[in-house]
Amino acid sequence: MLVEETDAAPAVQEPAPNELAGWPIRAAAFAVDVFPGVAVVATTALVWLAAPSQSLWWWMSISVLVGAALMTMVNRAVLPAILGWSLGRALLGLEVVRPDGAAVGVGRLMSRELAHLLDTLSVCVGWLLWDSRKRTFADLLLRTEVHCAATDRRPADIRRHATIAVGVAVLLCVGAAGVSVFAIYLPGRAADQTRTAVNAQGPKIVTEMLTYDPKSLKQDFERARSLTTDKYRPVLVKQQESVQKGHPAINEYWVTDSTVLSAARDSATMLLFMQGHRGGGGDERFITATVRVSLVKGEDGRWLVDNLDVVTKPKPAPAKGPTPPKGQK
């Protein structure tokens, strides 16, 4: 008598070809198709919003953002019409067809993706499989169905392609996060620290460089030269020599207002509104001037004048007299 063997391993139950696909497998395919692109778009959008307008990182982030969105749409709507698969559907063994099993074209697939917006706007109710044919609202509107495909019809290397696509998305997200931290946040924080420092030190540096007294002219000029960089010092020396050749008189300035025009980690540009007086006794006259000053941080950490441009040349102040420096009456 023949005895049947009952200890054989049971066969793995797979969906039958052309069987209507259920919600879990469709959700998994959708996640593979869409989530990598959405993650890249979200992270690069944050970089784009944080980066200075029209800067290198601004253009790079918006280029990656648009590219990721286009690739996601191509994967969902164009590749299925050309190759028969999107990445996620190929990995899970699904295909979008018409009710009679005919293939779906690019136009219908694109409209179907747009109709999914209605599925989402309805608090995701439209994503639930509504009828006996397991169709979402978008399927009902575009007359499509999602079927399971036979295993032998799936691309042989689809897992490798899916791994590469997800890996590229992860690298782009990590890269965008790195850019946001090291190219935007940290330089921005350093620029804020620079603004604080030059707001406090810049006006004092400029007034000390421009103020001198004939009684201590040599010491005042030496102090002024110590406040400049090697680039600007020769310009200042020529100005000092011109003063020495004439009849030096008291020259005193103070800053009435200032603003930082731009700032980076080790440099800044300021606009200073100044008042002062020149000469003494009966020859004293009050003056005002506006200067644009470039400051850089030296190797010892001190801020130095790298350039000074006179925006408004010194001219007599209004008749009511100058505004005294803070703390003076």
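This text follows the structure it describes.
We now turn to the structure provided with this report.

Observations regarding a nonpolar patch on the surface
- A grouping of Leu-114, Leu-117, Leu-118, Leu-121 and Leu-141 is seen on the molecular surface, where their side chains present a nonpolar patch of about 530 Å² in accessible area.
- For the nonpolar patch, the leading source of residues is helix α4 (residues 106–121), giving four residues.
- As for its placement among the helices and strands, Leu-114 is situated in helix α4.

Section: the pairing of strand β4 (residues 267–278)
- Counting buried positions along β4 yields nine of 12 residues, so the element is predominantly enclosed.
- When strand β3 (residues 251–263) meets β4, the two strands line up antiparallel, connected through 11 bridges. Paired with Ser-262 across the bridge in β4 is Thr-269.
- Hairpin geometry of β3 and β4 is characterised by an intervening segment of three residues between the two adjacent antiparallel strands.
- Relative to strand β5 (residues 285–297), β4 runs antiparallel, the two sharing 12 bridges. Its bridge partner being in β5, Phe-273 is matched across the sheet by Thr-290.

Observations regarding the packing of aromatic side chains
- According to the stated counting rule, one finds three aromatic pairs in the structure shown.
- A network of ring pairs unites the aromatic residues Trp-48, Trp-58 and Trp-59 as a single cluster.

What to know about α4
- In a regular helix each residue adds 1.5 Å, so 16 residues correspond to 22 Å; α4 covers 23 Å between its end C-alpha atoms and thus fits that length.
- Contacts made by the buried residues of α4 are with α1 (23–50), α2 (56–82), α3 (87–92), β1 (94–97), α5 (137–142) and β2 (145–148).

Considering the nonpolar core
- With 24 residues, the main nonpolar core has Met-209 and Val-293 as its most contacted residues.
- Elements with a contribution of two residues or more to this core: α6 (158–210), β3, β4, β5 and β6 (303–316).
- Here the element with the most residues in this core is α6; it accounts for six residues.
- Counting nine residues, the second-largest nonpolar core is a separate cluster that includes Ala-21, Val-96, Leu-109 and Val-146.

Notes on the environment of Glu-284
- Topologically, Glu-284 is positioned in the loop between β4 and β5.
- Residue Glu-284 is classed as partly exposed on the basis of its relative accessible area of 34%.
- Put simply, Glu-284 and Asn-251 are 33 residues apart on the chain and 9.8 Å apart in space, counted from C-alpha to C-alpha.
- In this structure Glu-284 touches His-277, Arg-278 and Gly-279, once residues within four positions along its chain are discounted.

A closer look at the packing of α1 against α2
- At a closest axis distance of 8 Å, the pairing of α1 and α2 adopts a crossing angle of 165°. Judged on the interaxial angle alone, α2 and α1 are roughly antiparallel. As α1 packs across α2, the resulting crossing turns out to be left-handed. Contact with α1, carried on its side by Phe-30, Asp-33, Val-34, Gly-37, Val-40, Val-41, Thr-44, Ala-45, Val-47 and Trp-48, involves Trp-58, Ser-61, Ile-62, Val-64, Leu-65, Ala-68, Ala-69, Thr-72, Asn-75 and Arg-76 of α2 and no other residues of that element.
- For the contact of α1 with α2, a count of residues per class yields 13 nonpolar, five polar and two charged.

Conventions and cut-offs
- Residues numbered from 1 in each chain as written.
- Predicted model: local features only at pLDDT ≥ 70, side-chain atom pairs only at ≥ 80, totals over all residues.
- Heavy atoms only, no water.
- Patch = residues over 30% accessible without salt bridge, like charges linked within 9 Å, V, L, I, M, F, W, Y side chains within 5 Å.
- Areas by Shrake-Rupley, 256 points an atom, 1.4 Å probe, with all protein chains shown as cover.
- Salt bridge = Lys/Arg side-chain N within 4 Å of Asp/Glu carboxyl O.
- Helix = DSSP H or I, 4+ residues; strand = E, 2+ residues; numbered from the N terminus.
- Buried < 20%, exposed > 50% of the residue type's maximum accessible area, 1.4 Å probe, protein only.
- Pairing = 2+ DSSP bridges.
- Phe/Tyr/Trp six-rings, centres within 6.5 Å; stacked < 30°, edge-to-face > 60°.
- Expected span 1.5 Å × (residues − 1).
- Contact = heavy atoms within 4.5 Å.
- Core = buried A, V, L, I, M, F, W, Y, C linked by side-chain atoms within 4.5 Å.
- Axes fitted to C-alpha atoms, helices over the stretch in contact; angles between N-to-C directions.
- Parallel < 35°, antiparallel > 145°, perpendicular 65-115°, else oblique.
- Left-handed = near helix turned anticlockwise from the far one by under 90°.
- Nonpolar A, V, L, I, M, F, W, Y, C, P; charged D, E, K, R; others polar.

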